[in-house]
Amino acid sequence: MSQKVLIEIKNLKKYFNIKKGVVLKAVDNVSFNIHKGETFGLVGESGCGKTTCGRVLTNIYSKTEGSVKYDGKEIGTMQKVDKRKFKKKAQMIFQDPYASLDPRMTIGDIIGEGIEVHFPELSSKEREDKITDLLKVIGLNSEHSARFPHELSGGQRQRVGIARALAVNPEFIVCDEPISALDVSIQAQIVNLLKKLQKTLGLTYLFISHDLSMVKHISDRIGVMYLGSIVELTTNESLYSNALHPYTKALISSIPIPDPTMEKGGRIKLEGEVPSPINPPKGCKFAGRCSECMDICKTEAPELKEIEVGHQVACHLYN
Ligand SMILES: Nc1ncnc2c1ncn2[C@@H]1O[C@H](COP(=O)(O)OP(=O)(O)OP(=O)(O)O)[C@@H](O)[C@H]1O
Ligand code: SF4
Ligand SMILES: [Mg+2]
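A short tour of the structure in this document, coming up. (Residues numbered from 1 in each chain as written. Chains lettered and ligands numbered in written order. Predicted model: local features only at pLDDT ≥ 70, side-chain atom pairs only at ≥ 80, totals over all residues. Heavy atoms only, no water.)

Side note on the overall build of the protein chain
Reasoning step 1: Looking only at helices and strands, the protein chain has 11 helices and 12 strands in total.
Reasoning step 2: Computed over its C-alpha atoms, the radius of gyration of the protein chain comes to 20 Å, within 12% of the 20 Å expected for a compact globule of 319 residues.
Reasoning step 3: With the principal axes as the frame, the protein chain shows a C-alpha extent of 70 × 45 × 40 Å.
Reasoning step 4: Buried positions account for 46% of the 319 residues belonging to the protein chain.
Reasoning step 5: Relative to all contacts within the protein chain whose residues are 6 or more apart in sequence, the contacts with residues 24 or more apart total 64%.
Reasoning step 6: Approximately 15,800 Å² of the protein chain is accessible, and the part contributed by carbon and sulfur atoms is 51%. (Helix = DSSP H or I, 4+ residues; strand = E, 2+ residues; numbered from the N terminus. Rg over C-alpha atoms; globule rule 2.2 N^0.38 Å. Buried < 20%, exposed > 50% of the residue type's maximum accessible area, 1.4 Å probe, protein only. Contact = heavy atoms within 4.5 Å. Areas by Shrake-Rupley, 256 points an atom, 1.4 Å probe, with all protein chains shown as cover.)

Structure follows, in structure tokens:
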């Protein structure tokens, strides 16, 4: 991993106007950087805004406010040529490979589609060769090219999802829960494939998961999200050995299999429901579920602050 910042997100907001006068704050003032060649893990419970964040970063959704820069350029206001280049550079892999692959298309056509759009200069023979190469890279073979998605296993389908993303020679891939739908035995294979590809192709990943134990095996740094905001951000090692935010501590203590590298201590039960992003609490969004809640927490939202080098926390306990 280099120190070069590839993606710079500052005060990013993505609000959805769900009906007249009703605004859902899916991503609310999020700031972080992703370095070239690193895997940044984004973790948090369902509905906290992970996918929305990934979609804004790949320009699938336009932001409401704030800034998202890719290689120094604001992605929302890129000119035509840069926009076209960015579309190639930033790809997404999805949770459910079955739903994201067209069942009527062969594997070869699925992988070839992006090649055709982004490399129209290639002859059909060159395109076929590229598809065969890609199948090899992701651990399938040329025979799979003529098959349909339903003829493959879940793990193989996710490999095709990865090949489709790789087909346009990307630099950055948003991996949105890519292993959550797979059998545990297959999950490690896909993580290892992603790691291998990162090394050989110099890829940068945003790895999204609702499960802290999943991001542990792949992320260099991790951001913990709660109701649209990042509450803690630090390196992988530091998060599991020195979590500071009460929400992160609760998430870590609820991981079922005890990990010797994780902080010792009793289980912290996460009680209550996540509040609605339509009407989020005024102070700390976690206040209603936090066992350490103080008076100030109910009125003032804590800012994300650097507590130690590279370790940011948004909690009044550390201010
Ligand atoms: N297109 C949309 N229109 C309106 N609301 C949306 C839209 N997409 C997401 N939301 C809402 O924004 C919030 C964040 O959703 P998002 O899908 O980003 O969460 P997530 O962290 O990816 O959750 P999960 O773990 O379930 O995938 C949720 O309250 C969701 O209902
Ligand atoms: S700011 Fe207060 S309520 Fe929020 S996590 Fe910290 S202690 Fe808990
Ligand atoms: Mg999601």
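From this point, the narrative continues.
Examining the site of ligand 2
Reasoning step 1: For ligand 2, the set of nearby residues contains 13 residues, the closest of which are Cys284, Cys290, Cys297, Cys315 and His316.
Reasoning step 2: Considered class by class, the residues forming the shell around ligand 2 number 10 nonpolar, two polar and one charged. (Near = heavy atom within 4 Å. Nonpolar A, V, L, I, M, F, W, Y, C, P; charged D, E, K, R; others polar.)

Overview of the site of ligand 1
Reasoning step 1: Looking at ligand 1, there are 15 residues lining it, with Ser46, Gly47, Lys50, Thr51 and Thr52 nearest.
Reasoning step 2: One of the side-chain nitrogen or oxygen atoms of serine 46 is found 2.5 Å away from an oxygen atom of ligand 1.
Reasoning step 3: Compared with its free state, where it exposes 630 Å², ligand 1 has 66% of that area covered by protein.
Reasoning step 4: For the shell around ligand 1, the secondary-structure elements that each account for two or more residues are β1 (5–19), β2 (22–35) and α1 (50–57).
Reasoning step 5: Here the shell around ligand 1 gets three residues from one element, more than from any other, and that element is α1. (Polar contact = N/O pair within 3.5 Å; in protein donor to acceptor, adjacent residues only side chain to side chain.)

Some points on the sheet that holds strand β7 (residues 172–176)
As a general point, the strands of a sheet are linked pairwise by backbone hydrogen bonds and lie either parallel or antiparallel.
Reasoning step 1: With mixed pairing, eight strands are arranged side by side in an open sheet as β6-β7-β8-β3-β9-β10-β12-β11. Both edges of this open sheet fall to β6 (90–93) and β11 (305–308), since each of them pairs with a single strand only. Here the strands of the sheet are splayed against their neighbours by 25° on average, with no regard to which way each runs.
Reasoning step 2: Pairing of strand β9 (residues 221–226) with strand β10 (residues 229–235), which is carried by six bridges, proceeds in the antiparallel orientation. If you follow methionine 225 over to β10, its bridge partner there is isoleucine 230. (Pairing = 2+ DSSP bridges. Axes fitted to C-alpha atoms, helices over the stretch in contact; angles between N-to-C directions.)

A short note on unusual backbone geometry
Reasoning step 1: The backbone of asparagine 59 shows a phi angle near 65°, a positive value even though the residue is not glycine.
Reasoning step 2: When you line up the elements, asparagine 59 lands in the loop between α1 and β4 (65–70).
Reasoning step 3: With a relative accessible area of 26%, asparagine 59 lands in the partly exposed category.
Reasoning step 4: The phi angle at asparagine 169 is positive, at roughly 55°, despite the residue not being glycine.
Reasoning step 5: For asparagine 169, the location among the structural elements is in the loop between α6 (154–166) and β7.

Quick word on the pattern of salt bridges
Reasoning step 1: If you walk through the whole model with that rule in mind, you get 10 salt bridges.
Reasoning step 2: When the shortest N-O distance is used, the salt bridge between aspartate 28 and lysine 285 registers 3.5 Å. Pair noted here: aspartate 28 is in strand β2 and lysine 285 is in the loop between α10 (246–253) and α11 (295–299), with a separation of 257 residues, a long-range link. Both residues of the pair, aspartate 28 and lysine 285, count as buried.
Reasoning step 3: Arginine 104 is the salt-bridge partner of aspartate 102, the closest N and O atoms lying 3.2 Å from each other.
Reasoning step 4: Given a relative accessible area of 25%, aspartate 102 falls into the partly exposed group. (Salt bridge = Lys/Arg side-chain N within 4 Å of Asp/Glu carboxyl O.)

A word on the side chain of arginine 289
Reasoning step 1: Looking at where arginine 289 falls in the secondary structure, it is placed in the loop between α10 and α11.
Reasoning step 2: Owing to a relative accessible area of 12%, arginine 289 belongs among the buried residues under this scheme.
Reasoning step 3: Among the polar contacts listed, one links the side chain of arginine 289 to the side chain of glutamate 45, at a separation of 3.2 Å.
Reasoning step 4: Here glycine 272 takes part through its backbone oxygen, which lies 3.2 Å from a polar atom of the side chain of arginine 289.
Reasoning step 5: In contact with arginine 289, other than residues within four places in its own chain, are Glu45, Tyr226, Leu270, Glu271, Gly272, Glu273 and Val274.

Here we look at the packing of aromatic side chains
Reasoning step 1: One pass over the structure, following the stated rule, counts seven aromatic pairs.
Reasoning step 2: Site record: aromatic cluster; members linked through ring pairs are Tyr70, Phe86 and Phe172. (Phe/Tyr/Trp six-rings, centres within 6.5 Å; stacked < 30°, edge-to-face > 60°.)

Some thoughts on the sheet that holds β1
Reasoning step 1: Strands sit in the order β2-β1-β4-β5 across an open sheet of four strands; the sheet is antiparallel. Each having just a single partner strand, β2 and β5 (73–74) make up the two edges of the open sheet.
Reasoning step 2: Both β1 and β2 contribute to a ladder of 11 bridges, which runs antiparallel. The partner of phenylalanine 16 across the bridge, within β2, is leucine 24.

Examining a negative patch on the surface
Reasoning step 1: On the surface, Asp109, Glu113, Glu116 and Glu128 cluster together into a patch of negative charge.
Reasoning step 2: Ranked by residues supplied to the negative patch, first place goes to helix α4 (residues 107–118) with three residues.
Reasoning step 3: Note on placement: aspartate 109 falls in helix α4.
Reasoning step 4: A residue is classified by how much of its surface remains accessible, and aspartate 109, at 46% relative accessible area, is partly exposed. (Patch = residues over 30% accessible without salt bridge, like charges linked within 9 Å, V, L, I, M, F, W, Y side chains within 5 Å. Lys, Arg positive; Asp, Glu negative; His and termini not counted. Charge placed at Lys NZ, Arg CZ, Asp CG, Glu CD.)

That is the geometry; function is a separate question.
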